[in-house]
Amino acid sequence: MERPLSLGPLLPPYEPLPEAGEAEGLPPSVAVPVEPPPPPRDHLAWSFCTTLYGNICCLGFLALVFSVKSRDRKVLGDYSGALSYGSTAKYLNITALLINIFLVILIIALVATGTITAMNFYYHKQEQPESIFGPT
């Protein structure tokens, strides 16, 4: 005896798509253009300025090297490598900037305290003048 083949639950009948001229009842299709992601930043100008004006411990030069590497990777199309080198250059620039700010504040503080100390010394010298040969 033959058994009937069971195909599982019954599927709805297949409806062919309408031809191009008969598509008035269907919703229109929308094509969304996908923009490529923007290229990563290489911070070359910032690194150049850091190299010229604040090259503490050669951090500005290292930032410039990593910026050039980032630009080379970007030209080659390796965006992940360019992003890595660019972020390294950014962190080196930030570190050099913070060290420069700290040194400027330190120099200003040292000059200010040195000036105050020199003025106090000069003022006390004028109050009690001593001769070259000592007290008489």
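What comes next concerns the included structure. None of these values were measured; they are calculated from a predicted model.

**Here we look at the overall build of the protein chain**
Within the protein chain, the secondary structure is distributed over 3 helices and 0 strands. Secondary structure elements in the protein chain, listed N-terminal to C-terminal, are α-α-α. Burial analysis of the protein chain (136 residues in total) assigns 15% to the buried set. Counting contacts in the protein chain only where the partners sit at least 6 residues apart, residues at least 24 apart contribute 62% of the total. Working note: accessible area of the protein chain is about 12,000 Å², and carbon and sulfur atoms make up 69% of it.

**A closer look at the side chain of His43**
Tracing the backbone through its elements, the reader meets His43 in the segment before helix H1 (44–53). Accessibility expressed as a relative area gives 16% for His43, which makes it buried. Setting aside anything within four residues of it in sequence, one finds His43 in contact with Ser67, Gly86, Lys90 and Asn93.

**Here we look at the environment of Val75**
The topology assignment puts Val75 in helix H2 (residues 59–76). Residue Val75 is classed as exposed on the basis of its relative accessible area of 67%. Separated by 36 residues in sequence, Val75 and Pro39 have C-alpha atoms that sit 9.7 Å apart.

**Description of helix H3 (residues 79–127)**
Given a rise of 1.5 Å per residue, 49 residues ought to cover 72 Å, and the 71 Å separating the end C-alpha atoms of H3 matches this to within 8%. Listed as buried for H3 are Gly81, Ala82, Gly86, Ala89, Leu92, Asn93, Ala96 and Asn100. Looking at the buried positions of H3, the neighbouring elements they touch are H1 and H2.

**Here's the deal with the pattern of salt bridges**
Throughout the structure, instances matching the rule amount to 3 salt bridges. Taking the shortest distance from any N to any O, the salt bridge between Arg71 and Asp42 comes out at 2.6 Å. A residue pair is termed long-range when its members are at least 10 positions apart, and Arg71 in helix H2 and Asp42 in the segment before H1 qualify at 29 residues. Looking at Arg71, the relative accessible area reads 36%, which means it is partly exposed. The residue Arg73 makes a salt bridge to Asp78 at a minimum N-O spacing of 3.6 Å. You can call Arg73 partly exposed: its relative accessible area is 32%. By relative accessible area, Asp78 is classed as partly exposed at 26%.

**Regarding unusual backbone geometry**
Of note, the phi angle at Cys57 is positive, near 55°, even though the residue is not glycine. Mapped onto the fold, Cys57 is located in the loop between H1 and H2. Despite not being glycine, Cys58 shows a phi value in the positive range, around 60°. Owing to a relative accessible area of 46%, Cys58 belongs among the partly exposed residues under this scheme.

Conventions and cut-offs
Residues numbered from 1 in each chain as written. Predicted model: local features only at pLDDT ≥ 70, side-chain atom pairs only at ≥ 80, totals over all residues. Heavy atoms only, no water. Helix = DSSP H or I, 4+ residues; strand = E, 2+ residues; numbered from the N terminus. Buried < 20%, exposed > 50% of the residue type's maximum accessible area, 1.4 Å probe, protein only. Contact = heavy atoms within 4.5 Å. Areas by Shrake-Rupley, 256 points an atom, 1.4 Å probe, with all protein chains shown as cover. Expected span 1.5 Å × (residues − 1). Salt bridge = Lys/Arg side-chain N within 4 Å of Asp/Glu carboxyl O.

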